[in-house]
Amino acid sequence: MPPFGNNMAASMQGVAKVLWRITPSILHPLRVYQHCLQRLPLRARLPPVYSSRHTFCQVASLQDKGTAQAVEALSRYKEKPWEYLESEEYIERYGSNPVYTGYRRNHKGGIPPQKTRKTCIRGDKASGNPCPICRDQNIIVHYQNVKLLEQFISSQTGMIHDPTKTGVCMQQQKKLTEAINAARDHGFLPFQIPYVDFGGEDYSNSHDAVGNTPPPPSLTSGESWYKWYGQLTPDESEVAKVKKMYKAYLKK
C-alpha cells in the first residue's frame, strides 16, 4: 500500500506542474483581449474575430477607427444637418422618397391609435419601433434643414402633415412645427396665402343689399339716433373741468 500511495502522489504533482505551465499561455491572450475591450466604447464591443492575420489588438484598432469615423460623421451632421440629405448614405437608404415612406408603427389590434406615442426614447432606452426621425440618428430637425421640413408639409395646402400620417412621435412633431415656423420667419420656406378675387361690385353703392335699403330716419330729419339722447343735459361743472383741462387744444 505505501508504494501505491507514493506513486499516486507523484502522478498528481506531475499533472499539477503541467497545468501550471499551460495556464499562462491560455490566460495571456484573454487578458490582452479584455484590455483592448476596455479601450472601446460600449457600442463597439463586439465579439472577437479569430483570424491568423489579425490579433486581438488589431481588431480593436479597426473597431476604434470605424467608431471614430461614425462619431466624426455624426458631429458633422449635427453642425450641418442638411448635408446628410445629400449624402450617398441617405440616397441609398431612402432614395427620393420621404423618410416616413413605408413606415408602419407597431400597435395592438388592427386599428391604429388616433395619436402617436409621446416619445420614442426615454432615457437610455428606445422603443421597439422608433418613429422615422428617432430611428435615424443622422436626421436632425433644424429650421435650415429645408429639404427635410418640406417632406412634412403638404404641397397643396401648405399645412403640416398630421403625425398619424407620418408616424412621427409627438416630441418630434413639436420640434417639426417649431422648425417650420422658424424657417418661414427666416424666409427659408414660403407662406401659403389663399388667393381671393376682390370684385368691385361687392363694395359699390349699387349693390342690391345697399341700394334697396332705405336710409334711417335720423339721417333725414337731423334728430339723434336715440330720442332720449337729445333730452340729456350735461353738468356745467363737469363741462368746465373738461374745458379747463383741454383749453390748450380747444379751438377759439
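Residues numbered from 1 in each chain as written. Predicted model: local features only at pLDDT ≥ 70, side-chain atom pairs only at ≥ 80, totals over all residues. Heavy atoms only, no water.

- As recorded in an unreviewed UniProt entry, the chain goes by Small ribosomal subunit protein mS40 and comes from Neogobius melanostomus.
- For the record of the chain, the UniProt heading Subcellular location (unreviewed entry) holds the text "Mitochondrion". (UniProt positions renumbered as here; feature names shortened; annotations may be inferred.)

## A closer look at the overall build of the chain
- A count of helical and extended segments in the chain gives 10 helices and two strands.
- Mapped from its N terminus to its C terminus, the chain presents α and β elements in the order α-α-α-β-β-α-α-α-α-α-α-α.
- Across the 252 residues that make up the chain, the buried fraction comes to 22%.
- Across the chain, every contact between residues at least 6 apart in sequence was considered, and the portion connecting residues at least 24 apart equals 56%.
- Here the chain displays about 20,400 Å² of accessible surface, and carbon together with sulfur accounts for 58% of that area. (Helix = DSSP H or I, 4+ residues; strand = E, 2+ residues; numbered from the N terminus. Buried < 20%, exposed > 50% of the residue type's maximum accessible area, 1.4 Å probe, protein only. Contact = heavy atoms within 4.5 Å. Areas by Shrake-Rupley, 256 points an atom, 1.4 Å probe, with all protein chains shown as cover.)

## So, the pattern of salt bridges
- Scanning the entire structure with this criterion turns up two salt bridges.
- Ionic pairing is found between Lys147 and Glu86, a salt bridge with its closest N-O pair at 3.4 Å. With a gap of 61 residues between them, Lys147 in helix α4 (residues 146-150) and Glu86 in the loop between α2 (56-79) and α3 (88-94) connect regions that are remote in the sequence.
- Take Glu86: its relative accessible area is 51%, and that puts it in the exposed class.
- Of the charged contacts in the structure, one is a salt bridge between Asp136 and Arg93, with a shortest N-O distance of 3.3 Å. (Salt bridge = Lys/Arg side-chain N within 4 Å of Asp/Glu carboxyl O.)

## Looking at the layout of surface pockets
- Estimates place the volume of the second largest pocket at around 190 Å³.
- Residue composition of the lining of the second largest pocket, grouped by class: five nonpolar, five polar and four charged. (1 Å grid on protein atoms, 1.4 Å probe; cavity = no way out; pocket = protein on both sides within 12 Å on 5 of 7 lines; lining within 4 Å. Points joined across faces, edges and corners; volume = space filled by probe spheres on them. Nonpolar A, V, L, I, M, F, W, Y, C, P; charged D, E, K, R; others polar.)

## Some points on the environment of Lys80
- Secondary-structure assignment places Lys80 in the loop between α2 and α3.
- Spatially, the C-alpha atom of Lys80 lies 8.3 Å from that of Asn145, the residues being 65 residues apart in sequence.

## Quick word on the environment of Ala126
- Relative to the helices and strands, Ala126 is located in strand β2 (residues 125-126).
- Assessed through its relative accessible area of 55%, Ala126 is described here as exposed.
- Those residues in contact with Ala126, other than ones at most four positions away along the chain, are Cys120 and Ile121.

## Structural notes on helix α6 (residues 170-186)
- Compared with the 24 Å implied by 1.5 Å per residue over 17 residues, the 24 Å span of α6 between its first and last C-alpha is a close match.
- Every buried residue of α6 is listed here: Gln172, Gln173, Leu176, Ala179, Ile180, Ala183 and Arg184. Buried residues of α6, viewed axially, fall in a sector of 135°; they line one side. Pointing more than 90 degrees away from the buried face of α6 are the exposed residues Lys174, Asp185 and His186.
- Directly beyond the C-terminal end of α6, a positive phi value near 90° is found at Gly187. (Expected span 1.5 Å × (residues − 1). Arc of directions from axis to C-beta.)

## A few points about the packing of aromatic side chains
- This structure, assessed with the given rule, holds five aromatic pairs.
- Summarising the aromatic geometry, the rings of Tyr100 and Phe152 are spaced 5.4 Å apart at their centres and angled 50° between planes, so their arrangement reads as tilted. Of this pair, Tyr100 sits in the loop between α3 and β1 (121-122) while Phe152 sits in the loop between α4 and α5 (163-166), and the two are 52 residues apart along the sequence.
- The class of Phe152 is buried, set by a relative accessible area of 1%.
- An aromatic cluster is present here, built from Tyr77, Tyr84, Tyr90 and Tyr94 joined pairwise through their rings. (Phe/Tyr/Trp six-rings, centres within 6.5 Å; stacked < 30°, edge-to-face > 60°.)

## Details of the side chain of Thr116
- Structurally, Thr116 can be placed in the loop between α3 and β1.
- Given a relative accessible area of 12%, Thr116 falls into the buried group.
- There is a polar contact of 2.9 Å between the side chain of Thr116 and the backbone oxygen of Val168.
- Contacts of Thr116, omitting those with residues within four sequence positions, involve Arg105, Pro163, Thr164, Gly167, Val168, Cys169 and Met170. (Polar contact = N/O pair within 3.5 Å; in protein donor to acceptor, adjacent residues only side chain to side chain.)

## Thoughts on the confidence of the model for the chain
- On average, residues of the chain score 76 in pLDDT, and 61% of them are at 70 or above.
- Per-residue pLDDT stays below 50 along residues 40-56; that stretch engages in 25 contacts with residues further than four places along the chain or on separate chains. (pLDDT = per-residue confidence, 0-100.)

## Here we look at the side chain of Gln173
- Locating Gln173 in the fold gives a position in helix α6.
- For Gln173, a relative accessible area of 10% translates into the label buried.
- Looking at Gln173, its side chain comes within polar contact range of the main-chain oxygen of His161, at 3.3 Å.
- Every residue in contact with Gln173, bar those within four places of it in the chain, is listed here: Ile160, His161, Pro163, Thr166 and Val168.

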